[in-house]
Amino acid sequence: MKASPHRHTPAIIHLQAIRNNIEHYKHFIDKQPEIWAVVKANAYGHGAVKVAQAVASHVQGFCISNLDEALELRNNDITLPLLVLSGIVPDNADLARDMDITLTVPSVEWLELVIKESTTDLSGLKVHVAVDTGMGRIGVKTTEEINEIYRLAEQHCIEIEGIFTHFATADEKDTDKLQEQSEKFEDILSKLPYRPRYIHSTNSAAGLWHSNQVQDIERLGIAMYGLNPSGTLIDLPYQLEPALTLQSEITHMKKIEAGETVGYGATFEASEETYIGTVSIGYADGWTREMQGFHVLIDGQEAEIVGRISMDQMTIKCDKYYPIGTLVTLIGRDGDREITVDDIAKWRKTINYEIICLLSDRIYRIYK
Ligand SMILES: *Cc1c(COP(=O)(O)O)cnc(C)c1O
């Protein structure tokens, strides 16, 4: 979708907040892991290149989810290590090696395919081996598989630079499953043919609430963007600074009479004289139809979203007439009131991650 800077519906990204969140984490943790910033999915909607450039001197590497995301960073002069967290299509390994992009080995079968399909010799390719200790997504489970990966890597001069696992429940109060996963990982690690440079297992949630699990790398994602990995379930050990605010403005204002309706399906009918403002955001922006009934901030007050959300516009019920161009806050603070990403996630019965990742490219990002 086309980014639309001529429409006044920007997401404002506070790069200093992202840097502060990283520095705050380094002070919080009583050891010195490398910090690898997770900038997959366009840095959770914040803009991968801009975020990577802004934090490059504060971290030691970046994690992304696929080869194209890695290439975008390399092609924009990001020189730090790049780790692709999921398995890529096996016939692209040569390209990854040529661009100095580190791959994840999700299985023995994958590594065999990579070796078979590679048109050049793969020497110099760097990999981290994924271990499935209970996440159930990717990774090997046994020492036999690890030994086979080590053997193949050695044979083909592929460098095993790291080994990692991923916790399924680090953002929950119950810690049994995490303990079980941690013990499985330790058992696998104790039997490695040799220890690679990097052993790692922690995302934001594990890094915050199970910091004893942090080893050589902390894979810092959501907490870097200033959001609580558990939503509102577990309190943060220190305050984070949300990095994204979302604004728009009134594009049309009118007074309707009792009995008049608003929007598709005529789901809102005025029971008295009502001021209705129109705002340029809709479900094509990731502002989904579920937002009907929620509210925005205008002039420091809540204004209810009434009528269905359209593709490009929505309508709000106002306490008085506001002129075209009046600021509307969708995420952020206006006066004493604030709408957080977690407020929206709760309303939509989902997680804060999903709200920010769904904000589409049409919303123009402004960097502060
Ligand atoms: C996305 C991801 C992370 C980062 O998770 P956050 O909860 O955002 O910190 C870390 N590790 C892996 C394997 C991931 O897929």
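Residues numbered from 1 in each chain as written. Predicted model: local features only at pLDDT ≥ 70, side-chain atom pairs only at ≥ 80, totals over all residues. Heavy atoms only, no water.

**Some thoughts on the packing of aromatic side chains**
And then number 1: Overall, the coordinates contain 7 aromatic pairs when judged by the stated rule.
And then number 2: Summarising the aromatic geometry, the rings of Trp-36 and Tyr-198 are spaced 5.4 Å apart at their centres and angled 70° between planes, so their arrangement reads as edge-to-face. Of the two residues, Trp-36 sits in strand E2 (residues 34-38) while Tyr-198 sits in strand E8 (residues 198-202), which places them 162 residues apart along the sequence.
And then number 3: A relative accessible area of 0% means that Trp-36 is categorised as buried.
And then number 4: Ring pairing ties together the aromatic residues Tyr-25, Phe-28 and Tyr-238, which thus form one cluster. (Phe/Tyr/Trp six-rings, centres within 6.5 Å; stacked < 30°, edge-to-face > 60°. Helix = DSSP H or I, 4+ residues; strand = E, 2+ residues; numbered from the N terminus. Buried < 20%, exposed > 50% of the residue type's maximum accessible area, 1.4 Å probe, protein only.)

**With respect to the confidence of the model for the chain**
And then number 1: In this model, the chain carries an average pLDDT of 97, and 100% of its residues clear a pLDDT of 70 or more.
And then number 2: By mean pLDDT, helix H5 (residues 93-98) is the weakest element of the chain at 95, and E2 is the strongest at 99. (pLDDT = per-residue confidence, 0-100.)

**Here we look at the sheet that holds strand E7 (residues 159-165)**
And then number 1: Reading across the sheet, the 8 strands line up as E4-E3-E2-E9-E8-E7-E6-E5 and stay open at both edges, with parallel pairing between neighbours. This sheet does not close on itself; its edge strands, each paired only once, are strand E4 (82-84) and strand E5 (103-105). For this sheet the average axis-to-axis angle between neighbouring strands, irrespective of direction, equals 30°.
And then number 2: Of the strand pairs in this sheet, strand E6 (residues 126-131) and E7 are connected by 6 bridges, and their pairing is parallel. Each residue of the ladder has a partner; that of Val-129, found in E7, is Ile-163. (Pairing = 2+ DSSP bridges. Axes fitted to C-alpha atoms, helices over the stretch in contact; angles between N-to-C directions.)

**Digging into the layout of surface pockets**
Empty pockets left among the atoms are what a rolling probe the size of a water molecule brings to light.
And then number 1: Put simply, the largest pocket is a space of about 700 Å³.
And then number 2: Around the largest pocket sit 31 residues that line it, and Lys-40, Met-135, Arg-137, His-166 and Asn-203 are the ones nearest its centre.
And then number 3: When residues of the lining of the largest pocket are traced back to their parent elements, those giving at least two are helix H2 (40-44), E6, E7, helix H9 (204-209) and helix H11 (352-357).
And then number 4: Counting residues per element, the lining of the largest pocket draws most heavily on H2, at 3 residues.
And then number 5: Its residues assigned to classes, the lining of the largest pocket shows 18 nonpolar, 8 polar and 5 charged.
And then number 6: Its volume calculated, the second largest pocket comes out at about 310 Å³.
And then number 7: Taken together, 14 residues form the lining of the second largest pocket, with Gly-226, Asn-228, Leu-236, Pro-242 and Asp-342 sitting closest to its centre.
And then number 8: Split by residue class, the lining of the second largest pocket holds 5 nonpolar, 6 polar and 3 charged. (1 Å grid on protein atoms, 1.4 Å probe; cavity = no way out; pocket = protein on both sides within 12 Å on 5 of 7 lines; lining within 4 Å. Points joined across faces, edges and corners; volume = space filled by probe spheres on them. Nonpolar A, V, L, I, M, F, W, Y, C, P; charged D, E, K, R; others polar.)

**Topic: a negative patch on the surface**
And then number 1: Together, Glu-172, Asp-174, Asp-176, Glu-180 and Glu-183 make up a negatively charged patch on the protein surface.
And then number 2: On the basis of relative accessibility, which here comes to 42%, the residue Glu-180 falls in the partly exposed class. (Patch = residues over 30% accessible without salt bridge, like charges linked within 9 Å, V, L, I, M, F, W, Y side chains within 5 Å. Areas by Shrake-Rupley, 256 points an atom, 1.4 Å probe, with all protein chains shown as cover. Salt bridge = Lys/Arg side-chain N within 4 Å of Asp/Glu carboxyl O. Lys, Arg positive; Asp, Glu negative; His and termini not counted. Charge placed at Lys NZ, Arg CZ, Asp CG, Glu CD.)

**A word on the side chain of Thr-202**
And then number 1: Inspection of the secondary structure puts Thr-202 in strand E8.
And then number 2: Here Thr-202 falls in the buried class, since its relative accessible area comes to 0%.
And then number 3: Among the polar contacts listed, one links the side chain of Thr-202 to the side chain of Glu-218, at a separation of 2.7 Å.
And then number 4: Those residues in contact with Thr-202, other than ones at most four positions away along the chain, are Phe-167, Gly-207, Gln-213, Val-214, Ile-217, Glu-218 and Arg-219. (Polar contact = N/O pair within 3.5 Å; in protein donor to acceptor, adjacent residues only side chain to side chain. Contact = heavy atoms within 4.5 Å.)

**Observations concerning the site of the ligand**
And then number 1: Taken together, Val-38, Lys-40, Tyr-44, Leu-85, Arg-137, His-166, Asn-203, Ser-204, Arg-219, Gly-221, Ile-222 and Tyr-353 form the complete shell of residues around the ligand.
And then number 2: A distance of 3.1 Å separates an oxygen atom of the ligand from a polar atom in the backbone of Gly-221.
And then number 3: In the environment of the ligand, an oxygen atom lies 2.6 Å from a nitrogen or oxygen atom belonging to the side chain of Tyr-353.
And then number 4: Computed on the free molecule, the ligand has an accessible area of 380 Å², of which 91% lies beneath the protein chains in the complex.
And then number 5: For the shell around the ligand, the per-class residue count stands at 5 nonpolar, 4 polar and 3 charged. (Near = heavy atom within 4 Å.)

**Brief notes about empty space enclosed by the protein**
And then number 1: By the definition in use, this model includes 1 cavity of 30 Å³ or more.
And then number 2: The calculated volume of the largest cavity comes to roughly 40 Å³.
And then number 3: Considering the residues around the largest cavity, the lining is formed by His-46, Tyr-225, Leu-227, Pro-242, Ala-243, Leu-244, Val-341 and Ile-356.

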